[in-house]
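Below, each chain spelled out in residue letters.
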Amino acid sequence: MAHTYNYERYEDMVTDPAWRKRLLSLNKALAKTMHGMDELPSLNGNLFYAHKDLEFIEGELLERFEVKRKNFFQLAKHISSLLEVGVNGGHSLFLALSANPSLKVVGIDVCEPLDPSWAPVHKYVPAAFRWLKKEFPGRCTFIKGNSLVELPKFALKNETTVVDAVHLDGAKDTHLRELLAILPLMNEDGYVVFDDANTKPVRKGIDQVKKLNIARPRDLSHMGIERTPGHRVFPILNAGG
Ligand SMILES: C[S@@+](CC[C@H](N)C(=O)[O-])C[C@H]1O[C@@H](n2cnc3c(N)ncnc32)[C@H](O)[C@@H]1O
């Protein structure tokens with residue numbers, strides 16, 4: 001069933017039993033795709049749960065990512081279009097779509113376990129695509145494939161599309177290349193979100209983006225966005241559009 005949420009505050013959303021029920025429905029849909037496998041159902045790390053958390057279905061949201069989630073909620077309230085690299089179980093998109101009933105999203109995921117340490121993304125990411133499309137009809141577009149191939153293709157095929165924010169949450173060493181690929185579509189008042197900004201390869205990507213003057217940190221407290229080390233939100237300075 002389609003859902004339109006309109007929460008004023010992040011706290012209103014996460015404490016709403018109806019929203020919790022939808023989250024449980026998403027988690028059950030993901031877990032169902034992993035039944036019968038040798039390992040118990042688990043997901044790659046995300047904004048809600050730790051990497052391979054076996055309790056994710058009914059588990060509590062990861063405490064240490066509370067600020068990341070709040071920031072993402074606040075950002076979603078200020079934009080109309082979001083492109084995400086790395087959809088995984090769909091949790092960050094579920095959060096963003098719940099925060100803003102007018103938001104439209106494009107999600108890209110490789111849907112293949114590129115590393116043996118990953119959870120079975122080939123099983124559950126397509127289920128996340130299906131669940132989000134059903135819950136938020138007309139608001140989601142999904143692309144299966146490698147961001148380094150799919151983003152330049154998307155930019156070429158959708159020259160008139162405007163992207164207000166891009167969430168870089170796929171591979172950690174591809175952020176500069178991903179941002180450059182999508183830059184021609186970026187709103188000149190747009191934002192880039194670097195997840196895992198405390199890791200070495202993402203820090204390197206952020207330095208490159210700053211040196212090239214593509215985006216820079218700025219105080220975004222007027223938008224309700226706090227500075228937090230694991231996740232940085234920068235306004236775009238140099239959009240291509
Ligand atoms: C950290 S998870 C994303 C978490 C998600 N954004 C959330 O918070 O709910 C990373 C995802 O990126 C995908 N991924 C990794 N490298 C990729 C690439 N080069 N292109 C597209 N997707 C990629 C993986 O399949 C995985 O689902």
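Structural data are supplied above this passage.
As the structure is a computational prediction, the values presented were derived from the model and not from experiment.

Draft legend 1. Inspection of the packing of aromatic side chains at higher detail. For the structure shown, the criterion picks out nine aromatic pairs. Over the aromatic face of Phe65 sits the side chain of Arg64, whose NZ or CZ is 4.9 Å from the ring centroid.

Draft legend 2. Spotlight on the packing of helix H6 (residues 147-157) against helix H7 (residues 175-182). Across the interface, H6 lies against H7 with an axial gap of 8 Å and an inter-helix angle of 15 degrees. Taken together, the axes of H6 and H7 are roughly parallel relative to one another. Note that H6 runs across H7; the crossing there is right-handed. Of the residues in H7, those in contact with Ser147, Leu148, Leu151, Pro152, Phe154 and Ala155 of H6 are Arg177, Glu178, Ala181 and Ile182. Split by residue class, the contact of H6 with H7 holds seven nonpolar, one polar and two charged.

Draft legend 3. Main features of unusual backbone geometry. One non-glycine residue, Asn88, lies in positive phi territory at about 55 degrees. A positive phi angle is found at Asp196, which is not glycine, with a value near 55 degrees. Inspection of the secondary structure puts Asp196 in the loop between strand S5 (186-195) and helix H8 (200-211). Given a relative accessible area of 19%, Asp196 falls into the buried group.

Draft legend 4. Inspection of the pairing of strand S3 (residues 140-144) at higher detail. Bridge count for strand S2 (residues 104-109) against S3 is five bridges, and the pairing is parallel. Each bridged residue has a counterpart across the sheet, and for Val105 the counterpart in S3 is Cys140.

Draft legend 5. Quick look at the site of the ligand. Neighbouring residues of the ligand: 19 residues in total, closest Gly86, Ser92, Asp109, Ser147 and Asp169. Note that a nitrogen atom of the ligand is positioned 2.8 Å from one of the backbone N or O atoms of Ser147. Surface burial for the ligand is 96%, taken as the share of its 610 Å² of free accessible area covered by protein chains. Across the shell around the ligand, the residue classes tally to six nonpolar, ten polar and three charged.

Draft legend 6. Structural detail: helix H2 (residues 17-32). Its 16 residues give H2 an end-to-end C-alpha distance of 22 Å, which sits within 8% of 22 Å, the value for a rise of 1.5 Å per residue. Taken together, the buried positions of H2 are occupied by Trp19, Arg22, Leu23, Leu26, Asn27, Leu30 and Ala31. Its buried side turned inward, H2 meets helix H1 (10-14), helix H4 (91-99) and helix H5 (121-135). Capping the start of H2 is the job of one residue whose side-chain oxygen sits 3.0 Å from the backbone nitrogen of Ala18: Asp16.

Analysis parameters
- Residues numbered from 1 in each chain as written.
- Predicted model: local features only at pLDDT ≥ 70, side-chain atom pairs only at ≥ 80, totals over all residues.
- Heavy atoms only, no water.
- Phe/Tyr/Trp six-rings, centres within 6.5 Å; stacked < 30°, edge-to-face > 60°.
- Lys NZ or Arg CZ within 6 Å of the ring centre and 35° of its normal.
- Axes fitted to C-alpha atoms, helices over the stretch in contact; angles between N-to-C directions.
- Helix = DSSP H or I, 4+ residues; strand = E, 2+ residues; numbered from the N terminus.
- Parallel < 35°, antiparallel > 145°, perpendicular 65-115°, else oblique.
- Left-handed = near helix turned anticlockwise from the far one by under 90°.
- Contact = heavy atoms within 4.5 Å.
- Nonpolar A, V, L, I, M, F, W, Y, C, P; charged D, E, K, R; others polar.
- Buried < 20%, exposed > 50% of the residue type's maximum accessible area, 1.4 Å probe, protein only.
- Pairing = 2+ DSSP bridges.
- Near = heavy atom within 4 Å.
- Polar contact = N/O pair within 3.5 Å; in protein donor to acceptor, adjacent residues only side chain to side chain.
- Areas by Shrake-Rupley, 256 points an atom, 1.4 Å probe, with all protein chains shown as cover.
- Expected span 1.5 Å × (residues − 1).

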